[in-house]
Amino acid sequence: MASVNTAKPLAIVVLGGTALDTARRIQARYPDTRVHGLANRVAADIAYEDFGAHLRELYRANVPLVVLCSAGIVIRALAACLDDKCAEPPVLAVAQDGSAVVPLLGGMRGVNVLAREIAALFDIAPAITTSGELRFSQCLLAPPEGYVLADIERGKRFVSNLLAGETTRVEGHAPWLDRADLPRAVDATCVVRITPHVVDGDDSLPIHPRCVTAWIEDASNDCIERLRAGLRVHDLAPPALAAIAAPSSAMTSEWLAQAAEAFGVPLRFCERTPFDPAHALNGEGIAFDVAPGPVDATAIGHARGTLTVIGLGPGRADWMTPAAKHALAQAQDILGYETYVRMAGPFHADQHAHLTDNREELQRARHAFELASEGRRVVVVSSGDPGVFAMAAAVLEALDTGRVAHPEWDAVKLVVEPGVSASLGTAACAGAPLGHDFCVLSLSDNLKPWATIETRIAHAAQADLAMAFYNPLSKARPWQFDRAVEIVRQYRDAATPVVLGRNIGRPGERLRTVTLGELNGTLVDMRTMIIVGSSTTKVFSDWVYTPRWYA
Ligand code: SAH
């Protein structure tokens, strides 16, 4: 595992296939990482289209970057974001053959530690240029996981004092500094203080172990101010807070969620106080426990489970919303029809993919609630948009019909994230055939009677709506599509343009335009989206559109 306090898994970015071996060697050292490669050029884990744009997106999302190309290319690509003080993840340039490792950015976030680790893989010396780090063979300002630097400006002053010849000593427990080559002296005035308490007004370097747990019994009002005040009463530094714990009955409290967000700590739920209340510090109705060292929040009770229903879009990675990508990256369990779960991958070792048959929707939705109510982060995937002939409705139906028997399902944080539906993806490729009023219809009679489908097609055709047909035809439904076309023809001209999109956004994508007169079941299958134009839909060169106006 990485010893660096980078919080997020690294992204290893390559341009060409020649760097892939080196990238995979680095990846093997950091199990949660993915290799990002230029689409159609490299067989990496994640494909990108535009190197600069992709690098900037990752950088802004605070993802530590190991880029296998020249330092100059990386610098030029990121130049436009360097002003943005909100993000400065570690960024390293690594020579394609692993012969040079150059830490570029993210000094406070452990870039040099990363550089040393990666350089060690290739048995070379990293190109470290930070003076404090060179002198002390350790960056004092990038403590490991579980510890936080109180104040960067103070930290910089401290390091320059040491560089100017001052001596130092460590107060408290800082095992990682044992290896550092510091100018130590028992009577030194520059003190590294490892403490959960606020340290003011001296030349010391305070580093807070994240060792404080707050127990909030009453979460019925603003917890942020109370937490701040409670910590202040005991002189505890807010960054020392490791977790907020609360009774399981308060799981849906927004006040708690806001407080956890504001302090950037995990929120955990337990049946009772997770520490001995007799030894707790109390303030503002909150009990604080101060452990001797960093606290592992995941060992306290359990989290509030989340269930996020996402759509992957039609297939192209860049047609997936950032919100859906984020949910996937956070997920512990991913459920869905096999094909879509595979599309959503690859996953890292501690993510569980649950593959199911396409027909078991309600059962899958119930399983998702069971997992989420154990405190897990669950994602249910659909293709396209999850609300269009897909899992979102099944998930809501499972909750609606199951919440009385399973009251714990109501405490799950349920979110539906929209996606690009196949009709919209296909329409965009063709131009704008859905530019005016339209309707979407599923031609599958698995879940509704065929007679209903016929009636709807007739009414939609009569209303002169453009129509997007999903699930057009399968082996079990061989004749229905031709019947549907026959109904449309009763109301619409044989010259009406029809867009056929097959595997849109996926390998083997095919888009064509035919006329309603030509349309028949031999031209379509279950991977096809059919868009039938209205009476105003037009075609010129390769484009199809339905104008905004209406006669
Ligand atoms: N939730 C999905 C639809 C699921 S129904 C969405 O919003 O897109 C499945 C049907 O969608 C398929 O039978 C096909 O008609 C259509 N479809 C899904 N992905 C497609 C793609 N990439 N290209 C063309 N049609 C697609």
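Residues numbered from 1 in each chain as written. Predicted model: local features only at pLDDT ≥ 70, side-chain atom pairs only at ≥ 80, totals over all residues. Heavy atoms only, no water.

### Some words on the overall build of the protein
Point 1. In terms of helices and strands, the protein carries 15 helices and 28 strands.
Point 2. The dimensions of the protein, computed from C-alpha atoms along their principal axes, are 95 × 55 × 40 Å.
Point 3. Expressed as a percentage of its 551 residues, the buried residues of the protein come to 48%.
Point 4. A separation threshold of at least 6 residues defines the contact pool for the protein, and within that pool the share at least 24 residues apart is 64%.
Point 5. By element, 52% of the accessible surface of the protein is carried by carbon and sulfur atoms, the whole surface being about 25800 Å². (Helix = DSSP H or I, 4+ residues; strand = E, 2+ residues; numbered from the N terminus. Buried < 20%, exposed > 50% of the residue type's maximum accessible area, 1.4 Å probe, protein only. Contact = heavy atoms within 4.5 Å. Areas by Shrake-Rupley, 256 points an atom, 1.4 Å probe, with all protein chains shown as cover.)

### Some points on the nonpolar core
Point 1. By size, the foremost hydrophobic cluster in this structure holds 27 residues, and its most contacted members are Val212, Leu227, Leu241, Ile244, Leu256 and Phe288.
Point 2. Going through the elements one at a time, β11 (212-216), α7 (223-233), β12 (241-247), α8 (254-263), β13 (267-270) and β15 (286-290) are the ones with two or more residues in this core.
Point 3. Dropping the residues within four chain positions of it, isoleucine 244 is found in contact with Ala214, Ile216, Leu227, Leu256, Ala259, Ala260, Val265, Pro266, Leu267 and Arg268. (Core = buried A, V, L, I, M, F, W, Y, C linked by side-chain atoms within 4.5 Å.)

### Some thoughts on the domain arrangement of the protein
Point 1. One can read the domain layout of the protein as domain 1 (11-129), domain 2 (147-209), domain 3 (212-299), domain 4 (306-420) and domain 5 (423-545).
Point 2. Computed from C-alpha coordinates alone, the two centres of domain 1 and domain 2 are separated by 31 Å. (Domains from an automatic or database assignment.)

### A look at helix α3 (residues 71-78)
Point 1. Within α3, burial applies to Val74, Ala77 and Leu78. In an axial view of α3, the angular spread of the buried residues amounts to 85°, which keeps them on one side of the axis.
Point 2. Where α3 is buried, its residues meet α2 (51-60), β4 (65-68), β5 (91-94) and β6 (101-105). (Arc of directions from axis to C-beta.)

### With respect to the site of the ligand
Point 1. Contacts to the ligand come from 20 residues, most closely from Val388, Ser421, Ala422, Met526 and Thr528.
Point 2. The backbone of serine 383 places a nitrogen or oxygen atom 2.9 Å from a nitrogen atom of the ligand.
Point 3. Relative to its unbound accessible surface of 550 Å², the ligand loses 94% to contact with the protein.
Point 4. A class-by-class count of the residues in the shell around the ligand yields 10 nonpolar, 7 polar and 3 charged.
Point 5. Domain assignment of the residues forming the shell around the ligand places at least three in each of domain 4 (306-420) and domain 5 (423-545). (Near = heavy atom within 4 Å. Polar contact = N/O pair within 3.5 Å; in protein donor to acceptor, adjacent residues only side chain to side chain. Nonpolar A, V, L, I, M, F, W, Y, C, P; charged D, E, K, R; others polar.)

### Concerning unusual backbone geometry
Point 1. With omega at 0°, the peptide bond leading from glycine 345 into proline 346 counts as cis.
Point 2. Residue position: proline 346 is located in the loop between α10 (338-344) and β18 (352-356).
Point 3. With phi around 65°, asparagine 40 is a residue other than glycine that occupies positive phi space.
Point 4. If you trace the backbone, asparagine 40 turns up in the loop between β2 (34-38) and β3 (46-48).
Point 5. With phi around 45°, phenylalanine 389 is a residue other than glycine that occupies positive phi space.
Point 6. Mapped onto the fold, phenylalanine 389 is located in the loop between β19 (377-382) and α12 (391-402).
Point 7. For phenylalanine 389, a relative accessible area of 40% gives the class partly exposed.

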